[in-house]
Amino acid sequence: MTSFNRSTSRRLKKLTQIPSIWEGDRRPLSSPSQHSDSEAKGECILWVDYSQGVVRGMDVVASDIGPEAIVRTLMQAMEHPQSPARPARPQRIVVKDREIQFYLRGVLQDLDIAIDYAPELPLIDELFRGFADILDSQTPDLPPQYAQILREKAFAIWQAAPWEFLEEQQILSIEINKWDVGTLYASVMGMLGMEYGILFYRSEESLKQFRAAVLRDEESTEHLEEAFLKQDCLFLTFESADETDEEDDLADLPLSEIDPTFGNIHPLEGLRSVLYDEEALVILVAIESLSRFIRDHRRQLHEDIFPTLSRRYRISLPQSEESTKSIAVTVSTMPQLAAELEEMAGFGVDEREIGNLDFQSLQDDLIPEDSFLSLGVVSWEMLEYLRKGVSYHPAGEIKQVGDGLPVILIQTSRPKAKTVIERIETVGGLRAICFNPGADSFDGDRYDLGLLQTQNGELFLFGEFLDEDPIHVEARKKWNQRCKNTKGYCGLIIAKGLTGASRRNPQLRDMMALFEARSLSPKDLGIGTLQLMPQLKFE
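Residues numbered from 1 in each chain as written. Predicted model: local features only at pLDDT ≥ 70, side-chain atom pairs only at ≥ 80, totals over all residues. Heavy atoms only, no water.

So, on to the nonpolar core. Of all hydrophobic cores here, the largest spans 52 residues; its most connected members are Ile174, Ile176, Phe200, Phe238 and Phe262. Excluding anything up to four places from it in sequence, phenylalanine 238 contacts Ala154, Ile157, Trp158, Trp163, Tyr196, Gly197, Leu250, Ile258, Asp259 and Pro260. In this structure, Ile45, Ala77, Ile93 and Ile113 belong to the second largest nonpolar core, which totals 26 residues. (Core = buried A, V, L, I, M, F, W, Y, C linked by side-chain atoms within 4.5 Å. Buried < 20%, exposed > 50% of the residue type's maximum accessible area, 1.4 Å probe, protein only. Contact = heavy atoms within 4.5 Å.)

This next bit is on helix α13 (residues 414-426). With 13 residues, α13 extends 18 Å between its outermost C-alpha atoms, agreeing within 8% with the 18 Å of an ideal straight helix rising 1.5 Å per residue. Within the span of α13, buried status applies to Ala417, Val420, Ile421 and Ile424. Angular distribution of buried residues about the axis of α13 spans 95°; they occupy a single face of the element. Along α13, the residues that are exposed and aim more than 90 degrees away from the buried face are Pro415 and Thr426. Looking at the buried positions of α13, the neighbouring elements they touch are β17 (430-439), β20 (489-495) and β21 (511-520). Looking at the residues trailing α13, positive phi occurs at glycine 428, about 100°. (Helix = DSSP H or I, 4+ residues; strand = E, 2+ residues; numbered from the N terminus. Expected span 1.5 Å × (residues − 1). Arc of directions from axis to C-beta.)

Per-residue confidence for the chain gives a mean pLDDT of 85, with 87% of residues at or over 70. Mean pLDDT values for the elements of the chain range from 39 in helix α11 (residues 349-355) up to 96 in strand β6 (residues 172-178). In this model, residues 348-360 is a region of pLDDT below 50 whose contacts with residues beyond four sequence positions or in other chains number 23 contacts. Confidence drops under a pLDDT of 50 for residues 534-539, and excluding neighbours within four residues, the segment shows 17 contacts in the predicted structure. (pLDDT = per-residue confidence, 0-100.)

As summarised here, the arrangement of the five strands in space is β3-β2-β1-β4-β5, forming an open sheet in which the pairing is mixed. Two strands in the sheet have a free side with no partner beyond their single neighbour: β3 (54-61) and β5 (114-117). Pairwise comparison of adjacent strand axes, ignoring direction, gives a mean angle of 20° for this sheet. Inspection of the sheet shows strand β1 (residues 17-28) paired to strand β2 (residues 43-49) by seven bridges, in the antiparallel sense. Across the sheet, arginine 27 pairs through a bridge with cysteine 44, a residue of β2. Set on the sheet, helix α4 (residues 98-107) makes contact with β1, β2, β4 (89-95) and β5; between it and β5 the angle comes to about 170°. (Pairing = 2+ DSSP bridges. Axes fitted to C-alpha atoms, helices over the stretch in contact; angles between N-to-C directions.)

All right, on to unusual backbone geometry then. Proline 84 follows serine 83 through a cis peptide bond whose omega is 10°. In the Ramachandran plot, asparagine 177 falls in the positive-phi region, its phi being about 55° despite a non-glycine side chain. Looking at the element boundaries, asparagine 177 is found in strand β6. A residue is classified by how much of its surface remains accessible, and asparagine 177, at 52% relative accessible area, is exposed.

Running from amino to carboxyl end, helix α3 (residues 68-79) crosses α4 at an angle of 60°, the nearest separation of the two axes being 11 Å. Here α4 runs oblique to α3, going by the angle between their axes. In this structure, the crossing between α3 and α4 has a hand that is right-handed. Contacts from Glu68, Ile70 and Val71 of α3 reach α4 at Ile100, Tyr103, Leu104 and Val107. (Parallel < 35°, antiparallel > 145°, perpendicular 65-115°, else oblique. Left-handed = near helix turned anticlockwise from the far one by under 90°.)

Mapping aspartate 403 onto the fold places it in the loop between β15 (391-393) and β16 (405-411). On the accessibility criterion, aspartate 403 (43% relative accessible area) is partly exposed. Along the chain, aspartate 403 and tryptophan 380 lie 23 residues apart, while their C-alpha atoms are 7.3 Å from each other. With residues up to four places along the chain from it excluded, the contact list for aspartate 403 reads Val377, Val378, Ser379, Trp380 and Arg482. Side-chain polar atoms of aspartate 403 contact the side chain of arginine 482, separated by 3.2 Å. (Polar contact = N/O pair within 3.5 Å; in protein donor to acceptor, adjacent residues only side chain to side chain.)

Right, here's the structure in full:
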């Protein structure tokens, strides 16, 4: 049995011993009526001075923590008691658990404290009854009659993964006209792989005000928090059930480790992760209608241009006090609002100017055929070293958001690398990097073509990737997320060492040039799908 070391015993014996009786116990936090798993809820340890009627020490521990925890809380009750009690040592301790009694007798044997047993502890019993009443009176996060179906609908949204093709500014309206709700405006979060969920704004005005506030105060944490709490919306978000490391992407976790959370934000209420009956019905109808709309129009929503779509659904309501069995809901895309939000954020302005430049036929003679190519990211710290140590061509002021600057790295031999750098510099530098669809009409294969656009408008092919290549698909997903973080800024690194020891793994000393540029979408470039011609060149 573990016991105090001698110095601790001497320190505790110096405490004034008062003529009082202390009660001590540890019990599950959940109340009997909740039928909760006590292991999930933990246990509460209490030490009270029965003579004075005050709590001296309290702690909450996991259920599998050993008896040492009750001694640690007792030491706090003696040396650092809760106000208004003063440090002291009791003459007598009473517990209602025989195992705890024998354990304390062994541990406290040098402190001259009597350890007794009693079948009931009046003061502690009363305190725990109060705790149980509080737990029973707490409002559940979801109305019990709707909890299961809401979670099922939430998981259906998770598996549909609308954030794979819908950006936050691509708003969908959901016309309900029930429960004092007219139209909700759904904004899908998750394309950046950071936060996944859907915000259901109660008004278009609230949505615009929040976007404007974020853009205005994006570097002020205090103002951002204020803007966040001024939203007027219902929400569904997804979190890790096991509180995994923040670096992990939820999309990589199995469904069993995903936990949906519902709630409400209102300027006068703030944030609460609780839904009341009518709110639960509203968000249930919104999620179900949105799921059906995504199912019916998934292909159109994948297009580069946000389409004009609308569909009406009849949504059945779960059994409740509502006399209505079902309601009609209309879901529509809002391309005009999406364009307005993009313009508000400054998205696409520079890119449209770039994409509309005239260019000659696509060329494929800039990047040597045997080059090593990779899509990746350069940390912000490494970027500073690069800018100072290589031929550097900036593109503008880049805010350090996310894990770094997304880059295309091309490694070749030193002579060929110099030739590539000189050719790009000769035409004024690099203007943009783009991935554009390509197709082979002979075998039906579809490609993701990597393109470089120089300042004079010429387009150069740097890579051809099959659409079905899972490695490239994942790399492109990360590329898109990172470019979103940097507001469209990216870079091209030219490195030497293809035939040396650093082949396919160039080090800082191998990097010869950094060209910063803008990232373009196929829509911004505006050249459509490129076809593989008989000359075996994309033109």
